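These are the residues of each chain, in order.
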Amino acid sequence: MIITEKRNNQKTRFIYQILHVWYYANIYICIFVKKLIIMEHKTDFNVGLIGVGLNTYWAQFEGLHERLLGYQQTIRERMEAYSVNVIDGGLLDSPQNVRHAADEMTNKNIEILFVYISTYALSSLVLPLAQQCKVPVIFLNVQPVAAIDYKYFNSLPGRKEMTGEWLAHCQACSAPEFAAVLNRTDVMYDIVTGYLDDSIVWNEIEAWIDAARVKKGMRENRMGILGHYYDGMLDVYTDTTLQSITFGTHIEQLEMCELSHFYDNVTAEDLAKKRKEFEETFHVAEDCEEYELDRAARTSVALDRLVESHDLGSMAYYYEGRNGSTYENLITSVIVGNTLLTGKGVPVAGECEVKNVQAMKIMSLLGAGGSFSELYTADFNDDVVLWGHDGPAHFAMSDDAVQLVPLPVYHGKPGKGLSIQMTVKPGDVTLLSVCEGRDGVFLLVAEAEAVEGPVLNIGNTNSRYRFSCGARAFINAWSKAGPSHHCAIGRGNVAHKLEKVASLLNIPIVKVC
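What counts as what
- Residues numbered from 1 in each chain as written.
- Predicted model: local features only at pLDDT ≥ 70, side-chain atom pairs only at ≥ 80, totals over all residues.
- Heavy atoms only, no water.
- Helix = DSSP H or I, 4+ residues; strand = E, 2+ residues; numbered from the N terminus.
- Buried < 20%, exposed > 50% of the residue type's maximum accessible area, 1.4 Å probe, protein only.
- Contact = heavy atoms within 4.5 Å.
- Areas by Shrake-Rupley, 256 points an atom, 1.4 Å probe, with all protein chains shown as cover.
- Pairing = 2+ DSSP bridges.
- Axes fitted to C-alpha atoms, helices over the stretch in contact; angles between N-to-C directions.
- Salt bridge = Lys/Arg side-chain N within 4 Å of Asp/Glu carboxyl O.

Q: I'm lost on the overall build of the chain in this one. Help?
A: A count of helical and extended segments in the chain gives 18 helices and 19 strands. Burial statistics for the chain: of 513 residues in total, 51% are counted as buried. Counting only contacts in the chain whose residues sit at least 6 apart along the sequence, the fraction spanning at least 24 positions is 77%. When the accessible surface of the chain is split by element, carbon and sulfur atoms take 52% of a total near 24,100 Å².

So this is what it looks like as structure tokens:
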């Protein structure tokens, strides 16, 4: 009896140990996999971080060098939280080690270089570093704390100790020196000023990282153009070469016959999966005909394959086709599929609005959405402006389930079919237009608030927006700035990030509200 009990206890203990090992192994595997995913996400976007100081100080003031390295480590760790791979070149303190650091940054293909001013440093460190790296430079004039503890400072045993403590807070001293030198170069730079736990500092650093991410994303983007412009819509006509020069975007000319080929080869299984996706993504109105749902689903599958076959990150389209033709059938059933693509980070703009799909892509890269919109009407009683379009929409911005509804006519366009009824959820928004003026490309921006209230239930994506300058002043200022009549609307106030995007691209930006 006793022997049996002992054996049972041993068996129980063994099983417990096995389960214990299995449990923790799974935890560590999950952590490892998670780290791999994070690392994979980071490695396609690198930013540089280099500290600068004066080597003469290290022997004079014990512990100063180590203390400043600790601050730089804090900066690096906080920057890594913004989903980037931070290439830390250490703390440079003499011209001799600049070349090695610059080579490391160049070999890692950094998009932007953050230079932490750890204490006073010579401009002879910064000039060759900036010239060799050939990327925008952001100086971090970041103190350890908001202000020196004067009581503690003045209680230190001697002036040497006081001087060492002051030098740990002496970041601002080099800022004008660095600016004076770089002002005589063609290096793009800016300065972030504050202290380590300063929210303003970290908002600025995050904004610069996001802006660099946008610049990289636009440079690597492949945009497709399917069809042609809406005839006579002169504001929409675009210099596509200028767009490629400005943003680096590759532009791929697409053929309707290729879309038609993909449409003809959709299988019953493909159709069933896409119909299920419709049901899971949209609230399908009861008056949507099965024929129209199947037509839109088949076209959506074809669009997915067109995007995949050309590795597209965005697309602008418009086509009409002869009445009753295959191509008319295709082009009048694209709104739902294009809305799905837009919500998945592949923005699509109708009426062949190349400039606006660029704006939508920028907003998408910022994580702000980016929905295709145009001015609808003004409500002067409530001092709001209604914006919307018959699609494509960014369904992630909706305040409720996006409705899939039938339209008996597409206003100003051929045919009929399905469309999207959607209202943007209340809160801060930003409007962005990529414009072409006499002097080239520029960005037009306004910040507003999406507000609740009645909208037009016409099967379009329309919402009410309130501007701090008022509806009248906004419409006049926005229109006179010279955009096309479309814009991209995104969530949140991101104008400060767009200003940095414009700075990195070396193009003007106009903010009207």
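Q: What's the story with the sheet that holds strand β3 (residues 113–117) in this structure? I'm lost.
A: Each strand in a sheet pairs with another by means of backbone hydrogen bonds, the pair being arranged parallel or else antiparallel. The 5 strands lie next to each other as β2-β1-β3-β4-β5, forming an open sheet whose pairing is parallel. Here the strands that pair on one side only, and so sit at the sheet edges, are β2 (85–92) and β5 (189–195). Strand after strand, the sheet turns through a mean of 20° between neighbouring axes, direction not considered. Judged from the 4 bridges that link them, β3 and strand β4 (residues 137–143) form a sheet pairing that is parallel. Across the sheet, valine 115 pairs through a bridge with phenylalanine 139, a residue of β4. Seen against the sheet, helix α3 (residues 64–80) touches β1 (46–52), β2, β3 and β4 and runs at an angle of roughly 170° to β2.

Q: What should I look at first to understand the pattern of salt bridges in this one?
A: Side chains that differ in charge, positive against negative, can pair when their charged atoms come close. With the rule as written, the count across this model stands at 22 salt bridges. When the shortest N-O distance is used, the salt bridge between lysine 511 and glutamate 447 registers 3.5 Å. In this pair, lysine 511 sits in strand β19 (residues 509–511) while glutamate 447 sits in strand β16 (residues 440–451), placing the two residues 64 residues apart along the sequence. Assessed through its relative accessible area of 43%, lysine 511 is described here as partly exposed. Residue class for glutamate 447 comes out buried when judged on its relative accessible area of 17%.

Q: Please explain unusual backbone geometry as it appears in this structure.
A: A negative phi angle is the norm for most residues apart from glycine, just as the trans form is the norm for most peptide bonds. The phi dihedral of asparagine 109 is positive, around 55°, even though this residue is not glycine. The residue asparagine 109 is located in the loop between α4 (98–107) and β3 in this model. Note on asparagine 109: relative accessible area 58%, which makes it exposed. Of note in this structure, aspartate 383 is not a glycine but carries a positive phi near 55°. Tracing the backbone shows aspartate 383 in the loop between β11 (369–379) and β12 (384–388).

Q: For this particular structure, what's the right way to read the sheet that holds strand β14 (residues 417–421)?
A: One open sheet holds the 3 strands; their spatial order is β8-β13-β14, and the pairing between them is mixed. Two strands bound the open sheet, and with one partner strand each, they are β8 (282–284) and β14. Going from strand to strand, the sheet's axes swing by 40° on average, the running direction of each strand aside. Bridge analysis of β8 against strand β13 (residues 402–407) gives 3 bridges, and the strand direction is parallel. When the bridges of β13 are listed, histidine 283 appears paired with glutamine 403.

Purely spatial values, then, with no claim about function.
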